[in-house]
Amino acid sequence: MSQKTGFSARQAEKPGTGRAAFLTLFLPLLLAGCFSLSDKKEYSVAVPPTAASQAAEAQQKARDLKNKKFSSLPDTLGGVVSSDRWVIYKEKAEEEFEGNVHYDNGIYVFRAGYALSQRKKNLLTAKEDVYLRYNENKNVWYELYADKAVYNYQSGEGNAEAAGKKKIKLVYHTAQNELITAWARKAEFNTQTEVYHLTGSVFVTYRDAAGKISTLKAKEIIAKQKDNYAILQGNAEAQNDNYRLNAQTIEYNGREGYTYAYGGRPLLRGKTQDGTFAIIADRVSAENATRKIKMTGQVEGWTVSEQINQSRANETL
C-alpha cells in the first residue's frame, strides 16, 4: 500500500478565512492515507474471489501496516485510525472501516460508523453519525455533524447530508470569539473554488463577541468565499435585535459593499430610537459599512413614535 495521503501538508496548514469558511472543515477527511490500527482492535482482510491467490500477500501487507511506527506517517496526520473491522480490497485499492471508526490527533477528530477509502477515485465516504472537528488553533475550530459525507480530495468537491427529516450541522468558532452555526438538509461544496451550497430549510445563527445574535433563513444559501459573496434564495429572512428583513431573495456583495433584497415585495420591520416601523417596497438596498438603507418602488408603510404610543391622549383615540 502506498504512502499517498488524502491531503498535503500545505493544504493542512492553510487556515480557513471568512465566515463561509466553516465548510472547509471537511478538507482533511482522514481516511485516504495509509493508517495503523489500534492494538486493541481486530481486523480482517478481504479480497475478491478472483484474487484469492493474493490473499497471503494482502494479509502480510495488513500486518506490515499494523506494525508501522507512527513516525512513518506524515507529521500533519499522526495518530491512529481505529475501528472494529478493517477490510482491504487490494485490486480495487479500497479500504473499509466498519464499526466505531475513530481518529484523533489533537488537530483533527473524526468519528463514524462506517468509512470507505477509494484511492483510484480519490474518494472518501463516511456514514452513520459522522462527526468531524478541525482545531485550527486554541480559539479557532470547525465542526461537522452529518449522516453521510463524501469528499473527492483531488477535485475538492464534496457533500454532506442528513437522513430522514434530520439536518446536518456546521459550526465555526472564530478567533474573535464569534460563533456561526448552520443547519441544512444538505451541503455541497468545493474546497478549491471555495463555493458552498446549503439547501433544505437552511437556518444560520451568528453570535458576535458581545453575545448579540443574528439569524438567516432561506430555502438555500450559496456562498462564494473568494468573491466575498452570498445569496439567500426562497423565503429569505435576515434578522437581528433591531431589524427583520423578508424577501424572496437577499444578496450580499462584499466587494461592492452592498446588500440587496428583492422579489416578493421585500418587507423591512424594526425599531429605532424614535419608534417602530414597517415598510414594504419593490427593492431594498443597504450599504454594508454605514447600514444606510434605501427602499425603491411603490414604497408603503408606517412608523410609530413611542412617545405618541404611550401618551394618555392616545388612549382616548
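Check the entry above for the structure.
Residues numbered from 1 in each chain as written. Predicted model: local features only at pLDDT ≥ 70, side-chain atom pairs only at ≥ 80, totals over all residues. Heavy atoms only, no water.

Draft legend 1. Examining the pairing of strand E17 (residues 275–280) more closely. Where strand E16 (residues 267–272) meets E17, 6 bridges bridge the pair, whose relative direction is antiparallel. Of the residues in E17, the one forming a bridge with Leu267 is Ile280. Joining the antiparallel neighbours E16 and E17 is a turn of 2 residues. (Pairing = 2+ DSSP bridges. Helix = DSSP H or I, 4+ residues; strand = E, 2+ residues; numbered from the N terminus.)

Draft legend 2. Quick peek at the pattern of salt bridges. Evaluated as defined, the whole model comprises 9 salt bridges. One salt bridge connects Glu143 with Arg133, and the closest N-O pair in it is separated by 3.2 Å. With Glu143 in strand E6 (residues 141–152) and Arg133 in strand E5 (residues 123–135), this pair connects stretches of sequence that are 10 residues apart. The shortest N-O distance in the salt bridge between Glu237 and Lys217 comes to 4.0 Å. Taken as a pair, Glu237 in strand E13 (residues 229–239) and Lys217 in strand E12 (residues 213–224) lie far apart in primary sequence, 20 residues in all. (Salt bridge = Lys/Arg side-chain N within 4 Å of Asp/Glu carboxyl O.)

Draft legend 3. Representation of the packing of aromatic side chains. Summed over all chains, the structure comprises 9 aromatic pairs. Each ring, one from Tyr108 and one from Tyr134, has its centre 5.1 Å from the other, and the planes form 20°; the classification is stacked. Taken together, the residues span a long stretch of sequence, with Tyr108 in strand E4 (residues 108–118) and Tyr134 in strand E5 at a distance of 26 residues. Looking at Tyr108, the relative accessible area reads 2%, which means it is buried. For Tyr134, a relative accessible area of 8% gives the class buried. Seen from their ring centres, Tyr258 and Tyr260 are 5.9 Å apart, and the 15° between their planes marks the pair as stacked. An aromatic cluster is defined as three or more aromatic residues linked by ring pairs; in this entry it consists of Tyr108, Tyr134, Tyr142 and Tyr172. (Phe/Tyr/Trp six-rings, centres within 6.5 Å; stacked < 30°, edge-to-face > 60°. Buried < 20%, exposed > 50% of the residue type's maximum accessible area, 1.4 Å probe, protein only.)

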